[in-house]
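One-letter residues, chain by chain:
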Amino acid sequence: MASKRAQGEFDNTEKRKRKKKRSEETAELCADVEDEHVKRAMKEAWSSRTHYSHGDLELDCHPFPHCIIRNFLRSETFVENLQRELLELNFHEKSNDMYKFKQSDDLKKRREPHIARLRAALFGRFRPWLGEVLGVELEPTVDISCAKYEYTDVLLCHDDELEGRRVAFILYLVPPWQSCDGGTLDLYTTDNNFQPQSIVKSLVPSWNTLILFEVSPISFHQVSEVLSQDKCRLSLSGWFHGPSLERPPRYIEPPIPKSPHLPRDETMLLEWINPLYLDISYQEKIQVEFEDSSEIQLKDFLKEEKFREVSEALQQAQIQWKKRGPPNKRCYEVACLDTLPLCVSACWELLRSEAFFLLLSNFTGLCLHYLCPTDDEDEEKERQEEGEVAGSSTESSANASVKKEPSTPVCCGEVRRWSHGSYTLLHDGEAARAEYALDLVLPFGCTDWQPEFGGFTCYVANEEDEELLTVYPEDNSLALVYRDKETLKFAKHVNHKCSSAGSPTCQEFYDFSFVYYE
């Protein structure tokens, strides 16, 4: 028994030694980072915006300066244990207009040994090295978290700009990865207005590789959608903080031209629209419902034969489609109006016609036609009725004489095509120039479209996470939404599921999108 006990003690001692040895592993950085000659050469190359490469380290300045350090951590065992600790963290689903992925809590106070030692190495030894290369003093601020991107997860085009951020970094801890798996770090060129144009470089994630770049007015990038169904794109990312680079004034897009109605009478309505919606009593019911909720969906809106005709025509090769950007704001296709088939042009005219403006007024109670009574007129009528009862019609007449001149209702619109990769984003300019408006969307060709594909429109309260309304594309269902100046909208990124093997046949859909202003 004594000998067995001694053997057990020996085994426990060995286990303690191995555990201690594992916990004492340090986050040693690759030799190139420790090399003074390499550091001086890097500093000169970064300053002059020239290419530099040495061993596992590479600096490329197109389309903006970014550095790739392969085998960033010397110990393979350390990296494996770091990956294990990260995968044991709690992750939270993150989803909005710009992204969908899972993220850990902030790691600046985590005590897991490998996470803590990597954090110390990055913001301890590596930070001064990076500061010397850039020629700036980086702050000791710790900003780091872990992200998991899985099938259809994505982070769309942005520049990382936020007060205090100077250098972004990503450390990849991925299985063997190829460009066909998606999840690449895509870098964009920019135009003369510092707006992103097109992807010119895609960096494929690689095990134990660190990528970093300066946050600047041109540092537009994205994480492309992950297409692999069985791989996890695990990474550590964050920012080194320091004095921000000078940023030019934000570019303001020219406003979309707005037009008054076309002189078309109710004949068009009788030809195109389901007779149910032309019934005055039914219009009154619609208005009551709309005024109660500020939104409504009118199913089977067009006559069946007209809807079918337009649906088929939208797929014709004669239509020229043009991609609409820039990608930090939107990405979808718009039809060139002069290439539309006759029936599509007729539907376009319908939605811009004088008769349709009046119909929308009847549906919503908004003043979109001169025959529709304004709020001022309703109030004046009430005052006159009250005045007659009180015998004081003189005051009402005086009020009527100062009635303001009505404005001309206008609209703007597009014929759009939505397919894999299409989206719209919320952006600063939209909030600053928001107006009271009536949105109209009439979809075509989305019979088999599933909500999980994306492409639906979300309405949100400005500067809040609160989602107010989601409108899903539905064939021949006219969606009307009235939004105030504090309500913004975006179309969710259309993901790979819409075109993947085994999905329904629907891989794209179309819509007429209009905005009407009183």
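To be clear, the structure that these remarks concern was listed above.
Below, the structure is looked at part by part. Being a predicted model, the structure only gives us computed values, none of them experimental. All residue numbers refer to position in the chain's written sequence, counted from 1. Where local features are concerned, this predicted model is filtered to residues with pLDDT of at least 70; where side-chain atom pairs are given and counted, the filter is 80 or more; whole-chain, interface and lining totals use all residues. Processing note: side-chain calculations cover all non-hydrogen atoms of the structure and skip hydrogens and water entirely.

Notes on the overall build of the chain
Only DSSP runs of H or I reaching four residues or more are called helices, and only runs of E reaching two or more are called strands; each is numbered from the N terminus. Counting its regular elements, the chain contains 13 helices and 24 strands. All accessibility values rest on the Shrake-Rupley procedure with a 1.4 Å probe; residue burial counts only the protein chains present in the view. Accessible surface, the chain as shown: approximately 26,100 Å² in total, 48% of it carbon and sulfur.

Topic: the packing of helix α8 (residues 304–313) against helix α9 (residues 342–352)
Two elements in contact, α8 and α9, have axes whose closest approach is 8 Å; the angle formed by their N-to-C orientations is 120 degrees. The angle between α8 and α9 falls in the class oblique. Here the hand of the crossing between α8 and α9 comes out left-handed. Where α8 abuts α9, its residues E309, V310 and A313 lie against C343, V344 and C347. Under the convention adopted here, Pro, Cys and the residues Ala, Val, Leu, Ile, Met, Phe, Trp and Tyr are nonpolar, Asp, Glu, Lys and Arg are charged, and Gly plus all remaining residues are polar. Taken together, the residues that form the contact of α8 with α9 break down as 5 nonpolar, no polar and 1 charged. For every element, the axis is a line fit to its C-alpha atoms; helices are fit only across the contacting stretch, and the angle between N-to-C directions ranges from 0 to 180 degrees. When an angle is under 35 degrees it counts as roughly parallel; over 145 it counts as roughly antiparallel; between 65 and 115 it counts as roughly perpendicular; any other value is oblique. Handedness of each helix crossing follows the sense of rotation of the near helix against the far helix: counterclockwise by less than a right angle gives left-handed, clockwise gives right-handed. The contact rule is simple, with two residues in contact once any of their heavy atoms fall within 4.5 Å.

A closer look at the pattern of salt bridges
One side-chain nitrogen of Lys or Arg within 4 Å of one carboxyl oxygen of Asp or Glu is enough to make a salt bridge. Applying the stated criterion across every chain yields a total of 28 salt bridges. Note that E349 is salt-bridged to R264, the shortest N-O span being 3.1 Å. Here the residue E349 occupies a position in helix α9, and R264 occupies one in the loop between β13 (233–241) and α6 (267–272), the gap between them amounting to 85 residues. What makes E349 partly exposed here is its relative accessible area of 28%. Within the structure, one salt-bridge network assembled from shared partners comprises D159, E161, R247 and R250. Per-residue accessibility, obtained with a 1.4 Å probe over protein chains only, is compared with the maximum for each type, and a residue is labelled buried under 20%, exposed over 50%, and partly exposed between these values.

Observations regarding the pairing of strand β8 (residues 165–172)
Two faces make up the sheet, and in a regular strand the side chains alternate between them. The buried fraction of β8 is high, at 8 of 8 residues. One ladder, built from 7 bridges, connects β8 with β13; its direction is antiparallel. Opposite I170, over in β13, you have S237 as the bridge partner. Two strands are counted as paired when DSSP detects at least two bridges linking them. Where β8 meets strand β11 (residues 209–214), 6 bridges bridge the pair, whose relative direction is antiparallel. What sits directly across from F169, in β11, is L212.

A look at the packing of helix α3 (residues 36–48) against helix α5 (residues 113–134)
The contact between α3 and α5 brings their axes to 7 Å, and the two run at 45 degrees. Judged by the angle between their axes, α3 and α5 are oblique. Along the contact surface, α3 presents K39, M42, K43 and W46, while α5 presents W129, E132, V133 and L134. Class assignment for the residues of the contact of α3 with α5 results in 5 nonpolar, no polar and 3 charged.

Remarks on unusual backbone geometry
Here the residue pair H62 and P63 is connected by a cis peptide bond, since its omega of 5 degrees sits within 30 degrees of zero. With respect to the secondary-structure elements, P63 resides in the loop between β2 (57–60) and β3 (66–69). In this chain, G325 is followed by P326 through a cis amide linkage whose omega measures 0 degrees. By the element assignment, P326 lies in the loop between β15 (321–324) and β16 (330–335). Backbone geometry places F194, a non-glycine residue, at a positive phi of 60 degrees. Following the sequence through the fold, F194 ends up in the loop between β9 (185–190) and β10 (196–203).

Some thoughts on the nonpolar core
Side chains of nonpolar character tend, in soluble globular proteins, to be buried together. Membership of the largest hydrophobic core comes to 47 residues, with the highest contact counts inside it found for M42, L73, L82, L86, F126 and L236. Among residues more than four places away in sequence, those in contact with L86 are F91, L107, I115, C146, L173, L234 and L236. Each nonpolar core is a collection of buried residues, namely Ala, Val, Leu, Ile, Met, Phe, Trp, Tyr and Cys, held together in the definition by side-chain atoms within 4.5 Å. L298, F307, L351 and F514 belong to the second-largest nonpolar core, a separate cluster that totals 45 residues.

Comments concerning the side chain of E414
As for its placement among the helices and strands, E414 is situated in strand β17 (residues 410–418). Assessed through its relative accessible area of 16%, E414 is described here as buried. N or O atoms within 3.5 Å of each other form a polar contact, as long as, within protein, one can give a hydrogen and the other can take it, and as long as residues adjacent in sequence are counted only when both atoms are side-chain atoms. A polar contact is formed between the side chain of E414 and the side chain of Y332, at a distance of 2.8 Å. Not counting residues within four places of it along the chain, the set of residues in contact with E414 comprises R324, Y332, V334, W348, D511, F512 and S513.

Remarks on the packing of aromatic side chains
Note on aromatic contacts: the rings of Phe and Tyr and the six-membered ring of Trp form a pair at centre separations within 6.5 Å, being stacked when their planes are under 30 degrees apart, edge-to-face when over 60 apart, and tilted otherwise. Within this structure, the stated rule accounts for 27 aromatic pairs. Considering the side-chain rings of F301 and F363, the 6.4 Å spacing of their centres and the 70 degrees angle between planes classify their relative orientation as edge-to-face. Taken together, the residues F301 in the loop between β14 (295–298) and α8 and F363 in helix α10 (residues 354–364) connect sequence positions 62 residues apart. With a relative accessible area of 0%, F363 lands in the buried category. What links up through ring pairs into an aromatic cluster is the set Y277, Y282, F301, W348, F356, F357, F363, F514 and Y516. By definition, being over a ring means that NZ of Lys or CZ of Arg is both within 6 Å of the ring centre and within 35 degrees of the ring normal. Taking the ring centre of Y149 as reference, the NZ or CZ of R233 above it sits at 5.0 Å.

Digging into the environment of A41
Of note, A41 is situated in helix α3. Here A41 falls in the buried class, since its relative accessible area comes to 18%. Each C-alpha atom, one on A41 and one on H54, is 9.4 Å from the other, the two residues being 13 residues apart in sequence.

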